[in-house]
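Structural description and commentary
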Amino acid sequence: MLGLGVDRLQADINRLLASLFHQGVLDEQFLQLQQLQDDTSPNFVYDVINIYFDESEKLLRNLRLLLMDREFSDFKKIGLHLNQLVGSSSSIGARRVRNVCVAFRSASELNNRLGCLRGLEVVEHEYHYLKNMMHELFQLEQQRLLAAGVRYPM
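Residues numbered from 1 in each chain as written. Predicted model: local features only at pLDDT ≥ 70, side-chain atom pairs only at ≥ 80, totals over all residues. Heavy atoms only, no water.

Named according to an unreviewed UniProt entry, the chain is Histidine-containing phosphotransfer protein originating from Cardamine amara subsp. amara. As its UniProt record puts it under Function (unreviewed entry), the chain is described as follows: "Functions as a two-component phosphorelay mediators between cytokinin sensor histidine kinases and response regulators (B-type ARRs). Plays an important role in propagating cytokinin signal transduction." (UniProt positions renumbered as here; feature names shortened; annotations may be inferred.)

**Quick word on the packing of helix H3 (residues 44-68) against helix H4 (residues 75-92)**
Their axes nearest at 10 Å, the elements H3 and H4 cross at an angle of 160°. By the angle between their directions, the pair H3 and H4 is classed as roughly antiparallel. In terms of crossing hand, the pair formed by H3 and H4 is left-handed. Contacts from Val48, Ile49, Tyr52, Ser56, Leu59, Leu60, Asn62, Leu63, Leu66 and Leu67 of H3 reach H4 at Lys77, Ile78, His81, Leu82, Gln84, Leu85, Ser88, Ser89 and Ile92. A class-by-class count of the residues in the contact of H3 with H4 yields 12 nonpolar, six polar and one charged. (Axes fitted to C-alpha atoms, helices over the stretch in contact; angles between N-to-C directions. Helix = DSSP H or I, 4+ residues; strand = E, 2+ residues; numbered from the N terminus. Parallel < 35°, antiparallel > 145°, perpendicular 65-115°, else oblique. Left-handed = near helix turned anticlockwise from the far one by under 90°. Contact = heavy atoms within 4.5 Å. Nonpolar A, V, L, I, M, F, W, Y, C, P; charged D, E, K, R; others polar.)

**Description of unusual backbone geometry**
Of note, Asn111 is a non-glycine position whose phi angle comes to about 55°, a positive value. As for its position among the elements, Asn111 is in the loop between helix H5 (95-109) and helix H6 (113-148).

**A closer look at the pattern of salt bridges**
Evaluation of the coordinates by the stated rule reveals nine salt bridges. Here Arg8 ties to Asp12 by a salt bridge, and the two come within 3.2 Å at their closest N and O atoms. Of the two residues, Arg8 and Asp12 both sit in helix H1 (residues 2-22), four residues apart, roughly one turn of that helix. Notably, a salt bridge pairs Glu126 with Arg96, separated by 2.7 Å at the nearest N-O pair. Of the two residues, Glu126 sits in helix H6 while Arg96 sits in helix H5, which places them 30 residues apart along the sequence. (Salt bridge = Lys/Arg side-chain N within 4 Å of Asp/Glu carboxyl O.)

**Overview of the side chain of Glu126**
By relative accessible area, Glu126 is classed as buried at 12%. Of the polar contacts made by the side chain of Glu126, one reaches the side chain of Arg96; its length is 2.7 Å. If sequence neighbours within four positions are ignored, Glu126 has contacts with Arg96, Val97 and Val100. (Buried < 20%, exposed > 50% of the residue type's maximum accessible area, 1.4 Å probe, protein only. Polar contact = N/O pair within 3.5 Å; in protein donor to acceptor, adjacent residues only side chain to side chain.)

**Brief notes about the nonpolar core**
Among the nonpolar cores identified, the biggest contains 44 residues, and Phe30, Ile49, Tyr52, Ile78, Phe104, Leu130 and Met134 are the most heavily contacted of them. Looking at this core, the elements that each hand over two or more residues are H1, helix H2 (28-35), H3, H4, H5 and H6. Broken down by element, this core gets its largest block of residues, 12 residues, from H6. Look past the residues within four positions of Ile78 in its chain and what remains in contact with it is Leu63, Leu66, Leu67, Phe72, Phe104, Ser108 and Cys116. (Core = buried A, V, L, I, M, F, W, Y, C linked by side-chain atoms within 4.5 Å.)

**Comments concerning the environment of Leu130**
Structurally, Leu130 can be placed in helix H6. Here Leu130 falls in the buried class, since its relative accessible area comes to 1%. Other than its neighbours up to four places away in sequence, Leu130 contacts Val25, Leu26, Tyr52, Phe53, Ile92, Ala94 and Val97.

Okay, here's the thing in structure tokens:
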């Protein structure tokens, strides 16, 4: 019976990942990230993704603060934050977040404050969707490991 639970959980993980790839939320870079995980670093993907979330939260907070300032006019600063977010999103395979950041960056290059505010809303939406899906994926993975009798600290 233990094996059936593991198989069901693995099937759930595979379905969730297939859905995220089909929706364009993730790309092949995420698979490459997964390939770097092994028995010597069993939490590698989890750790990298959590670092991404921590850093992204700071970048999004900074972007929001910049755009809420009525006197704001330094759109190059927005571009710098977005470049960081594009790079880190690309490195973990967060395709949709990366793509909406690129669109947001276009608005900043045009010094379009309203476009930037809208861009920030879209980036935050995609970011939170990714974060929720990754949380679900990690929960399934933890359940699968527990069902298989493997214990890694998370």
